[in-house]
Amino acid sequence: MEEKMQNLEDLSAFKYSEAERERLFELQDECTVSWTNKAGWPVSMPHSFVWSEGKFWVHTTTNRLRVRALRARPQSCIVVSALGTELNAGMVTAKTMATVHDGDRDLVRWLLPLFLKRVGKGADEEAMKQQMTLLDTPARVVLEFDPVDFFSYNSQALRKSISSNGYDKWDG
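Below is a short write-up of the structure. If you're wondering where the values come from, they're calculated on a predicted model, not measured in any experiment.

## Let's talk about the overall build of the protein
The helix and strand tally for the protein stands at five helices and seven strands. Secondary structure elements in the protein, listed N-terminal to C-terminal, are α-β-β-β-β-α-β-β-α-α-β-α. When each of the 172 residues of the protein is scored for burial, the buried share is 38%. When contacts within the protein are restricted to residue pairs at least 6 apart in sequence, long-range pairs at least 24 apart make up 69% of them.

## A look at the layout of surface pockets
Of the volumes computed, that of the largest pocket is approximately 240 Å³. Around the largest pocket sit Trp 35, Thr 36, Asn 37, Lys 38, Val 43, Arg 64, Leu 65, Arg 66, Arg 68, Ala 69, Ala 72 and Arg 73, which together line it. At the level of elements, strand E1 (30–36) and helix H2 (65–72) are the ones that each hand at least two residues to the lining of the largest pocket. For the lining of the largest pocket, the element with the highest residue contribution is H2, accounting for five residues. When its residues are assigned to classes, the lining of the largest pocket shows five nonpolar, two polar and five charged.

## Some points on the side chain of Arg 66
For Arg 66, the position within the fold is in helix H2. Notably, Arg 66 is buried but unbridged: the nearest opposite-charge side chain belongs to Glu 30, and the N-O separation is 12 Å. Only 3.1 Å separates the side chain of Arg 66 from the side chain of His 47, close enough to count as a polar contact. With residues near it in sequence (within four places) discarded, Arg 66 still touches Trp 35, Met 45, His 47 and Thr 60.

## Some words on the packing of aromatic side chains
Going through the model one piece at a time under the given rule, you end up with seven aromatic pairs. Between the aromatic rings of Phe 25 and Phe 56, the centroid separation amounts to 5.0 Å while the plane-to-plane angle is 70°, which identifies the pairing as edge-to-face. Linking Phe 25 in helix H1 (residues 18–27) with Phe 56 in strand E4 (residues 55–61), this pair joins segments that are 31 residues apart in sequence. Using a relative accessible area of 1% as the deciding quantity, one classes Phe 25 as buried. On the numbers, 5.1 Å between centres and 75° between planes, the contact of Trp 57 with Trp 110 is edge-to-face. Placement of the pair is Trp 57 in strand E4 and Trp 110 in helix H3 (residues 105–118), with a sequence separation of 53 residues. You can call Trp 57 buried: its relative accessible area is 5%. Pairwise contacts between aromatic rings join Phe 25, Phe 49, Trp 51, Phe 56 and Phe 150 into one cluster. If you follow Arg 21 out to its NZ or CZ, it ends over the ring of Phe 150, 3.7 Å from the centre.

Thresholds applied
- Residues numbered from 1 in each chain as written.
- Predicted model: local features only at pLDDT ≥ 70, side-chain atom pairs only at ≥ 80, totals over all residues.
- Heavy atoms only, no water.
- Helix = DSSP H or I, 4+ residues; strand = E, 2+ residues; numbered from the N terminus.
- Buried < 20%, exposed > 50% of the residue type's maximum accessible area, 1.4 Å probe, protein only.
- Contact = heavy atoms within 4.5 Å.
- 1 Å grid on protein atoms, 1.4 Å probe; cavity = no way out; pocket = protein on both sides within 12 Å on 5 of 7 lines; lining within 4 Å.
- Points joined across faces, edges and corners; volume = space filled by probe spheres on them.
- Nonpolar A, V, L, I, M, F, W, Y, C, P; charged D, E, K, R; others polar.
- Lys, Arg positive; Asp, Glu negative; His and termini not counted.
- Salt bridge = Lys/Arg side-chain N within 4 Å of Asp/Glu carboxyl O.
- Polar contact = N/O pair within 3.5 Å; in protein donor to acceptor, adjacent residues only side chain to side chain.
- Phe/Tyr/Trp six-rings, centres within 6.5 Å; stacked < 30°, edge-to-face > 60°.
- Lys NZ or Arg CZ within 6 Å of the ring centre and 35° of its normal.

Read these as geometric descriptors, not functional statements.
This is the structure we're talking about:
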């Protein structure tokens, strides 16, 4: 017989499986990218992303300070929330190593159509052409975030455990 839950100090058992994590990355199109500035302060910015080949892919332009920062300090972090998806709540954090791809037009042209479809743009050929015209510029860079480790929190699993432990007023 399992011991009854006494408190919520240790939530390490409530994490996403690899399949649930992959499902989240399929469902969610926004993440938070975090890096450090030259003074050592952590900085973050939401980005739409594509999850492909086991990596997070983001695009931006070379004039963003984050591009310079990620070139100098590639240790970074991606956070993906399950809020607004069928997974309902929870999150995944990935410690990542960033690579800034400058001038790789083939990579830009691979990513942009995937990105536009993912965020609901480029619904038809003309819309895709217009969006590509606006985004496919010489200053466009691709940021590749290669996960080193994952940490997750599955709040649905926690809720089920709380309920099965007799705490029936948790959600009420």
